[in-house]
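# Structural overview
Single-letter residue listing:
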Amino acid sequence: MEKLALKDFLKYRFISNLKLGQDGSCVFALHECDEENNSYRNNLYMLKDGECRPLTQSGKDGQFQFIDPVTLLFISHREASKDEEEKTSFYKISLDGGEAIKAFDVPFVVASFECISKDVYLLAVRYDKDYSYGDDCRIKEERLKRKKEDEDYEVFTKIPFYFNGAGFVSNTIIRLYLYDASVDELTAITSDEINVSSYRLNKEKNEVLFVANEDLKKTTDKNSIQVYSFENKSTSVLLPEKEYQISDAFYFNDHILFIGNCEWKHGRNENERFFLLDDQGNISLFYDNEMSLWGSVGSDCRYGGGIFMKADQNILYYISTVNEDSVIMSLNADKQCKEVVHISGSVDCFDVCDGKLMFVGMKDGKLQEVYEYQDAQVIQKTCLNEDVLKNKYVSDYEEVRFVNDGIDFVGWVLKPVDYDPNKTYPAILDIHGGPKTAYGKVFYHEMQVWANLGYFVFFTNPRGSDGRDNEFMDIFGKYGTIDYDDLMKFTDAVLEKYPAIDKARLGVTGGSYGGFMTNWIISHTNRFACAATQRSISNWISFYGTSDIGHTFASDQIHGNIFDSYEKLWEHSPLKYAKNIQTPTLFIHSDQDYRCPLEQGLQLYTAMVDLGIEARFVLFHGENHELSRSGKPKHRVRRLEEITAWMEKYLK
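This structure is a prediction, so every number in the text was calculated from the model and none was measured. (Residues numbered from 1 in each chain as written. Predicted model: local features only at pLDDT ≥ 70, side-chain atom pairs only at ≥ 80, totals over all residues. Heavy atoms only, no water.)

## A short note on helix 5 (residues 513–522)
- Counting buried residues in helix 5 gives 10 out of 10 residues, a clear majority hidden from the surface.
- For helix 5, the full list of buried residues reads Tyr513, Gly514, Gly515, Phe516, Met517, Thr518, Asn519, Trp520, Ile521 and Ile522. (Buried < 20%, exposed > 50% of the residue type's maximum accessible area, 1.4 Å probe, protein only. Helix = DSSP H or I, 4+ residues; strand = E, 2+ residues; numbered from the N terminus.)

Set out below in structure tokens:
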């Protein structure tokens, strides 16, 4: 059996955006690493009658929709365009074969779209109030000139002023437009005073339901629900932007079903509930949900998104995290909620149409494949990643159960390749981000690489994680306390169960919240011989004013603010305890990470070097908070090489 190599991830194939057609076909996007160009090839594939074949081959094709049973309309970046010019190119292709044909261009950056009727489309566009120009050529020329002149400047008028993965967004919103391709006409249907966060067409496609919030200097956490009638060309506000935080809304059993909260016992990360909004504007709690409404089981082997919630035949299907698995749930008009698909691993996206359900999943420790759920059976429909792991050592997940503060926990251990119980081995504790995400028995490339290099790797879901109820998730105001205790108790349990682990050769790593916990651990214990902290938080006081979510997240999570309780923020900041650190530490950060900004890593790194503690800082230019998951292929390789070399230096 061969060892899994660090660069093997360049051969993995990532699946996203799966959709079902009326003729029984299934179309999805396939993403592959292009190491030579340090990018990704993105093509569309079709699965039908047991055959999986590519529809496009340009490597630059993205979002798509069925516009009739045998035709796709999709966005493509195969045409080179000037960086300063806003434009999105659309192509059509037949599922029966043939080349893609250029359909039309839209003078905006289109975030998503839906087909309404022949040649008429609903577009969600990124609209910049300063520079977006639509199809007015005179304004286009004027604004392009001004944009070029202003490229060395950024002017902020509101918060957040930037957003991770989107850059500086001071005057950028999502705005809905109608586009009639037959006459090349664009019509705005939402104003430039609101920002649209989600939208849904009704069954007849004569109106669109959307969730939005006012574009203010300080964005609120409240949303409105509005509807636009294509026939009357008018907008009605169904629920004003006053009380509820709303993430999505659906047409459901002759009512509006929306997902959100109005009061939070457990902070802003509290799992959302289902509410009904009737024709009179009355709101009632439809289902008092206690579990998450998304799939949060982590992996570094995904790229792209897809459907995670959809109504079909008066049943709402959605992905939820249950313990260590991401599953598909259903909620019907009788308020009956049940589990539909539960695999050992993660459902990453799905589609359902007239009861037929297919999904992209990471099942039984394997990489992504497409599956069909039929007659209570899960059937694998593709073998896109079977060969890459064939005859490679992939460590099995061994459970470690432990109890802390009367709570039952489970964690997992990956044994090293060629494990011999008579030998001793180094080990790495890996901590997930979030904190409201989860680890599970899902293929994780970095962990498997370390197991193939002779390490034990161990990981768990401490309090604050997803997959259990709100009470378990609630660590607000407790960061670095009960979660730290859980991780140390888990480490003790692993060392007790696996005496082959050398207690003097333990490493620790994690990113985002996992980076915060890595910083906290090295400033509160010296039991780890080295650490690698990634996209981390070290100072909640400065985080408040520099993170894209800082002005709400810091006070919510830590229960302190800079105005009258900054001591609370400082109490939970690893930087406060920097004098305690003795652990050699590697810092990984990206200069376009606006979630956990660069300054967070620099502050603790500076303190360590100033105190004479061994440290190394690796900065990635042009990357953001998603470096380990969707960064450029060469950067992802370099990141893992840096962490691995650091562990090798201090643990072997």
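## Some words on the pattern of salt bridges
- What the rule picks out here adds up to 39 salt bridges.
- The residue Lys310 makes a salt bridge to Asp351 at a minimum N-O spacing of 2.7 Å. Linking Lys310 in strand 23 (residues 309–312) with Asp351 in strand 27 (residues 345–353), this pair joins segments that are 41 residues apart in sequence.
- Relative accessible area serves as the criterion here: at 3%, Asp351 is assigned to the buried category.
- Measuring nitrogen to oxygen at the nearest pair gives 3.0 Å for the salt bridge that ties Glu648 to Lys652.
- On the basis of relative accessible area, Glu648 is assigned to the partly exposed category, the value being 28%.
- The exposure class assigned to Lys652 is partly exposed, which follows from its relative accessible area of 48%.
- Sharing partners across several salt bridges, the network here consists of Glu2, Asp8, Lys11 and Lys392. (Salt bridge = Lys/Arg side-chain N within 4 Å of Asp/Glu carboxyl O.)

## Side note on the packing of helix 2 (residues 445–452) against helix 11 (residues 633–651)
- At their nearest, the axes of helix 2 and helix 11 sit 11 Å apart, and the two run at 40° to each other. Compared by their axis directions, helix 2 and helix 11 come out oblique. Viewed along their axes, helix 2 and helix 11 form a crossing whose handedness is right-handed. When helix 2 is examined against helix 11, the residues His445, Glu446, Val449 and Trp450 are found in contact with a partner set consisting of Arg639, Leu640, Ile643 and Thr644.
- Counted by class, the contact of helix 2 with helix 11 contains four nonpolar, two polar and two charged residues. (Axes fitted to C-alpha atoms, helices over the stretch in contact; angles between N-to-C directions. Parallel < 35°, antiparallel > 145°, perpendicular 65-115°, else oblique. Left-handed = near helix turned anticlockwise from the far one by under 90°. Contact = heavy atoms within 4.5 Å. Nonpolar A, V, L, I, M, F, W, Y, C, P; charged D, E, K, R; others polar.)

## A short note on the nonpolar core
- Ranked by size, the top nonpolar core spans 53 residues in total, and within it Met517, Ile521 and Trp540 carry the most contacts.
- If you tally residues by element for this core, the top one is helix 4 (residues 482–497), at eight residues.
- Of all hydrophobic cores here, the second largest spans 46 residues; its members include Cys301, Tyr303, Phe459 and Ala532. (Core = buried A, V, L, I, M, F, W, Y, C linked by side-chain atoms within 4.5 Å.)

## Topic: the sheet that holds strand 34 (residues 456–460)
- Strand order in the open sheet made by the eight strands is 31-32-34-33-35-36-37-38, with mixed pairing throughout. A strand with exactly one partner marks an edge of an open sheet, and here the two such strands are strand 31 (397–404) and strand 38 (615–620). Geometrically, the sheet is characterised by an average inter-axis angle of 20° between neighbouring strands, direction not taken into account.
- The sheet contact formed by strand 33 (residues 425–431) and strand 34 spans three bridges and is parallel. (Pairing = 2+ DSSP bridges.)

## Structural notes on the sheet that holds strand 9 (residues 109–117)
- Judged by pairing direction, the sheet is antiparallel, and its four strands sit side by side in the order 9-10-13-14 without closing on themselves. Strand pairing shows two members of the sheet lacking a second neighbour, strand 9 and strand 14 (185–188), which therefore form its edges. Recorded for the sheet is a direction-independent mean angle of 30° between the axes of neighbouring strands.
- Bridge count between strand 9 and strand 10 (residues 120–128): seven bridges; the pairing is antiparallel. Residue Ser112 lies in a different strand from strand 10, and its bridge partner there is Ala124.

## With respect to the packing of aromatic side chains
- Scanning all chains against the criterion turns up 51 aromatic pairs.
- Between Tyr244 and Phe258, the aromatic rings sit 5.4 Å apart at their centres with planes inclined by 85°, giving edge-to-face as the arrangement. Here Tyr244 is found in the loop between strand 18 (234–239) and strand 19 (245–252), whereas its partner Phe258 is found in strand 20 (residues 255–261), with 14 residues between them in sequence.
- By relative accessible area, which is 0% here, Phe258 ends up buried.
- Ring plane angle 80° and centroid distance 5.9 Å describe the contact between Phe587 and Tyr605, whose orientation is recorded as edge-to-face. (Phe/Tyr/Trp six-rings, centres within 6.5 Å; stacked < 30°, edge-to-face > 60°.)

## Focus on the pairing of strand 38
- The sheet contact formed by strand 37 (residues 585–590) and strand 38 spans six bridges and is parallel. Each bridged residue has a counterpart across the sheet, and for Ser590 the counterpart in strand 38 is Phe620.
- Regarding topology, helix 9 (residues 598–610) serves as the crossover connection from strand 37 to the parallel strand 38, and that connection is right-handed. (Right-handed = clockwise from strand over helix to strand, strands pointing away.)

## A short note on the side chain of Ser296
- Examined against the element boundaries, Ser296 turns out to sit in the loop between strand 22 (283–287) and strand 23.
- Using a relative accessible area of 5% as the deciding quantity, one classes Ser296 as buried.

## Overview of the state of the cysteines
- Within the structure shown, the criterion is met by zero disulfides.
- The thiol of Cys301 is unpaired, and the distance to the nearest cysteine sulfur, on Cys33, comes to 9.7 Å.
- According to the relative accessible area criterion, Cys301 is buried, its value standing at 2%. (Disulfide = S-S within 2.5 Å.)

## Some thoughts on unusual backbone geometry
- A cis amide bond links Ile159 to the next residue, Pro160, at an omega of -5°.
- Positionally, Pro160 belongs in the loop between helix 1 (137–149) and strand 11 (162–163).
- In this structure, Pro435 follows Gly434 across a cis peptide bond, with omega equal to 5°.
- Relative to the assigned elements, Pro435 resides in the loop between strand 33 and helix 2.
- One non-glycine residue with positive phi stands out, namely Asp418, at about 55°.
- Position of Asp418 relative to the elements: it lies in the loop between strand 32 (407–414) and strand 33.
- By relative accessible area, Asp418 is classed as exposed at 63%.
- Positive phi outside glycine occurs at Arg535, with the angle close to 35°.
- Considering the arrangement of structural elements, one finds Arg535 in the loop between strand 36 (530–534) and helix 6 (540–546).

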